Amino acid sequence: MNLYGLKNCDTCRKAKKALDGAHVRYAFHDVREEPPTKMQIGRWAKAAGWEKLLNKSSTTWRGLSDAEKDGVTEKKALALMAAHPTLIKRPVIENGPTQVFVGWSKEVQDKVLD
């Protein structure tokens, strides 16, 4: 299992604490230090949906120009997330090659910790 996020993100800390408490083995990847590739972001978007993956609540999103934010399509969103990895909603959890979870909701917790 791979967990992608930011080491100083409260939601990522909660996910790591829960995974540690359940003795789930995972590798943590800080997206600032190890930015995901366009291919990875594309896989995540295909599995979870690009709208779910794009974090429009982030300070990075608010810092973008209106031109960058206007008319966001999947292609544009993927390019923005590749250029600004902090636009990716956190955490992204890869459990094997096909399971991708975004965020740390009760639903995600149930599926990951089951």
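For the structure, see preceding data.
Since the model is a prediction, treat every value here as computed from it, not as a measurement. (Residues numbered from 1 in each chain as written. Predicted model: local features only at pLDDT ≥ 70, side-chain atom pairs only at ≥ 80, totals over all residues. Heavy atoms only, no water.)

Asks: When you look at the overall build of the chain in this model, what are you seeing that I'm missing?
Replies: Within the chain, the secondary structure is distributed over 7 helices and 4 strands. Secondary structure elements in the chain, listed N-terminal to C-terminal, are β-α-β-α-α-α-α-α-β-β-α. Computed over its C-alpha atoms, the radius of gyration of the chain comes to 14 Å, within 12% of the 13 Å expected for a compact globule of 114 residues. Seen through its principal axes, the chain has C-alpha atoms that stretch 45 × 25 × 25 Å. For the chain, the proportion of its 114 residues judged to be buried stands at 39%. Counting contacts in the chain only where the partners sit at least 6 residues apart, residues at least 24 apart contribute 59% of the total. Carbon and sulfur atoms make up 49% of the accessible area of the chain, which amounts to about 6700 Å² in all. (Helix = DSSP H or I, 4+ residues; strand = E, 2+ residues; numbered from the N terminus. Rg over C-alpha atoms; globule rule 2.2 N^0.38 Å. Buried < 20%, exposed > 50% of the residue type's maximum accessible area, 1.4 Å probe, protein only. Contact = heavy atoms within 4.5 Å. Areas by Shrake-Rupley, 256 points an atom, 1.4 Å probe, with all protein chains shown as cover.)

Asks: Honestly, the packing of aromatic side chains in this entry has me stumped. Any pointers?
Replies: Given two aromatic rings, their pairing is described by the distance between the two centres and the angle made by the two planes. Under the definition given, this model contains 1 aromatic pair. Ring plane angle 55° and centroid distance 4.8 Å describe the contact between Tyr 4 and Trp 44, whose orientation is recorded as tilted. Residue Tyr 4 is located in strand S1 (residues 2-5), and its partner Trp 44 is located in helix H2 (residues 38-48); the two are separated by 40 residues in the primary sequence. As far as burial versus exposure is concerned, Tyr 4 and Trp 44 are alike and both buried. (Phe/Tyr/Trp six-rings, centres within 6.5 Å; stacked < 30°, edge-to-face > 60°.)

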